[in-house]
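Here are the chains, one letter per residue:
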Amino acid sequence: MVIGCLTHGALVLSVPAPSSVNRQHSEFDRILQCRWKEAADAGVCFYRLNRLQNKTIPGQYRFVAQYNPEKSKPGWRRPSQNLRKVNQAFDPLQFNFNQIHGREVVMGPGELLLDSDDEIDTFLIINLSPLEFGSCLLVPKVSQNIPQRMTLNGLELLLTTVLRSADPRLKAGFSSPGGCASINHQHYHLYYLQEQLYLETAPVEHIAGPCFALKDYPAKGFAFQLDNDPTQLARHVFTLADYMRQNEIAHNMFITRGTRFEGSSSDDDVHCEIIYDTLRVFLWAREPAFGAKKDYGGMNPALCELAGHLLMTDHEEYETMTERMVSNIFDNLTASLFQRLLPKIPQLLHDSCRDSS
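Definitions and limits used
- Residues numbered from 1 in each chain as written.
- Predicted model: local features only at pLDDT ≥ 70, side-chain atom pairs only at ≥ 80, totals over all residues.
- Heavy atoms only, no water.
- Buried < 20%, exposed > 50% of the residue type's maximum accessible area, 1.4 Å probe, protein only.
- Helix = DSSP H or I, 4+ residues; strand = E, 2+ residues; numbered from the N terminus.
- Pairing = 2+ DSSP bridges.
- Axes fitted to C-alpha atoms, helices over the stretch in contact; angles between N-to-C directions.
- Contact = heavy atoms within 4.5 Å.
- Polar contact = N/O pair within 3.5 Å; in protein donor to acceptor, adjacent residues only side chain to side chain.
- Parallel < 35°, antiparallel > 145°, perpendicular 65-115°, else oblique.
- Left-handed = near helix turned anticlockwise from the far one by under 90°.
- Nonpolar A, V, L, I, M, F, W, Y, C, P; charged D, E, K, R; others polar.
- Expected span 1.5 Å × (residues − 1).
- Bend = angle between axes of the 7 residues up to and from the residue.

Caption draft 1: Molecular detail of the pairing of strand β11 (residues 222–225). Burial along β11 is two-sided: Phe-222 and Phe-224 and Ala-223 and Gln-225, pointing in opposite directions, are all buried. Strand direction decides the pairing type here: strand β10 (residues 211–214) and β11, joined by two bridges, are antiparallel. Among the inter-strand pairings, Ala-213 is bridged to a residue of β11, identified as Phe-222. Pairing of β11 with strand β14 (residues 278–285), which is carried by four bridges, proceeds in the antiparallel orientation. In the strand pairing of β14, Phe-222 is matched with Leu-283.

In structure tokens, the structure reads:
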């Protein structure tokens, strides 16, 4: 198990929790953060992250609210596509990542340590409408024109990319069409979040095989953790995500460093000098949001929001949002579909485990 490893290629399986004074960075973190800052300072993004306001909403779940008025300004993001279904076909006439400028590239396949012939056009690019510091999009196999759906290859690449970071603040995720995805070209989000989230140590309960459920959390979803093998973890998560896709169920995924499920706790003092010894992967089936993207009470509930990082563009709602209001939104988005999928988990994950044996 590598702790605080500073070599670019090694997978870092354990890191000190974000509150630790011993926090370290890997070479991957250094490259990503330096190049991202250089690009942001050069004005590559639509806006700068210098007007952000952050606060923790009082309550059990410690939701992190972030007010960013820049995100809602007309013309300050790529044009949202009017997606109508989860399995939307790729449209070459719409914006896609074949059209990006070279100045948007943060890392290429060589720096992502990809040496396969079919990975020569996989890139980490800066998010022109950044969520937070270091906000990037991982775009696998750009020229293959894969629509915005999770692939096993893409998910495994995302997990290993996160594991090359030694910074516990790095987050990652995915939004499907209907899950507030804006661009119908396969991509995954990465960014650094200074604040700690409840989900990093939240309690879970076992469902079947490698699948768990969030316990006493308003966004009802499924949880997986890393057991040293990112390939196996990718296979398990993909099995459920792809079932959702095939059945036209919109979904969001969030990845964070955290404590192992068997040692998880929701106590307020849980963050004191502990080790984050796994990756936690959360997957939500949710009510779809089709058509051009619209705000839900000053925010679009997607991968960040369901994880407790609330990106808001309306200042009044930022000031007045309560835990109960957020919880009601999340429950309405996820509860019914969670209950619909729950009975299917044992067979789905049994087949996944059998196939990987």
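Caption draft 2: Quick peek at the sheet that holds β10. Ordered by their spatial adjacency, 10 strands build an open sheet running β4-β5-β6-β8-β7-β12-β14-β11-β10-β9, and the pairing between neighbours is antiparallel. Edge positions in the sheet fall to β4 (105–107) and β9 (204–208), since each has one partner strand and no second. In this sheet, neighbouring strand axes are inclined to one another by 30° on average, regardless of whether the strands run parallel or antiparallel. Across two bridges, β4 lies against strand β5 (residues 123–126) in antiparallel orientation. Paired with Val-105 across the strands is Ile-125, a residue of β5. Along the sheet, helix α1 (residues 27–41) makes contact with β4, β5, β6 (136–139), β7 (170–175) and β8 (188–192), crossing β4 at roughly 165°. Sitting on the sheet, helix α6 (residues 323–341) touches β10, β11 and β14, and the angle it makes with β14 is about 95°.

Caption draft 3: Structural context of the sheet that holds strand β3 (residues 64–67). Taking strand neighbours across the sheet as the criterion, the three strands line up as β2-β3-β15 in an open arrangement whose pairing is mixed. At either end of the open sheet lies a strand with only one pairing partner, and these are β2 (53–56) and β15 (309–312). Here the strands of the sheet are splayed against their neighbours by 20° on average, with no regard to which way each runs. Direction of pairing for β3 relative to β15: parallel, over a ladder of four bridges. Pairing of Tyr-67 across the sheet is with Met-312, part of β15.

Caption draft 4: Here's a closer look at the side chain of Ser-165. Relative to the elements of secondary structure, Ser-165 occurs in the loop between α2 (152–163) and β7. A polar side-chain atom of Ser-165 sits 3.0 Å from the main-chain amide nitrogen of Asp-167. Excluding its chain neighbours within four sequence positions, the residues that come into contact with Ser-165 are Val-12, Ser-26, Phe-28, Asp-29, Leu-170, Tyr-192 and Arg-257.

Caption draft 5: Fine view of the packing of α2 against helix α3 (residues 230–246). It is at 9 Å that the axes of α2 and α3 come closest, and there the two elements cross at 135°. Here α3 runs oblique to α2, going by the angle between their axes. Judged by the sense of rotation from one axis to the other, the crossing of α2 with α3 is right-handed. Mapping the contact onto sequence places Leu-152, Leu-155, Glu-156, Leu-159, Thr-160 and Leu-163 in α2 and Pro-230, Thr-231, Leu-233, Ala-234, Arg-235, Val-237 and Phe-238 in α3. Residue composition of the contact of α2 with α3, grouped by class: nine nonpolar, two polar and two charged.

Caption draft 6: Focus on the pairing of β10. Pairing between β9 and β10: four bridges, direction antiparallel. Considered in β10, the bridge of Ala-208 is made with Cys-211. From the end of β9 to the start of β10, which pair antiparallel, there are two residues, and Gly-209 there has a positive phi angle of about 55°.

Caption draft 7: View of the environment of Leu-199. As for its position among the elements, Leu-199 is in the loop between β8 and β9. Taking C-alpha positions, Leu-199 is 8.4 Å from Arg-280, a pair spaced 81 residues apart along the chain. Non-local contacts of Leu-199, meaning those with residues more than four positions away in its chain, are made with Leu-214, Tyr-217, Arg-280, Phe-282, Trp-284, Leu-306 and Ala-307.

Caption draft 8: Seen up close, α6. The terminal C-alpha atoms of α6, which comprises 19 residues, lie 26 Å apart, in line with the 27 Å expected from a rise of 1.5 Å per residue. At Thr-334, α6 is deflected by roughly 35°, the largest bend along its length. Every buried residue belonging to α6 is among Glu-323, Val-326, Ser-327, Phe-330, Leu-333, Thr-334, Ala-335, Leu-337, Phe-338 and Leu-341, and all of these are buried.

Caption draft 9: Structural detail: the environment of Arg-260. Within the element layout of this structure, Arg-260 appears in the loop between β12 (251–258) and β13 (275–276). Placed 58 residues apart in sequence, Arg-260 and Ala-202 show a C-alpha to C-alpha distance of 9.8 Å. Those residues in contact with Arg-260 that lie beyond four places of it in its chain are Gln-225, Leu-226, Asp-227, Asp-277, Thr-278 and Arg-280. Polar side-chain contacts of Arg-260 include one of 2.4 Å to the side chain of Asp-227.

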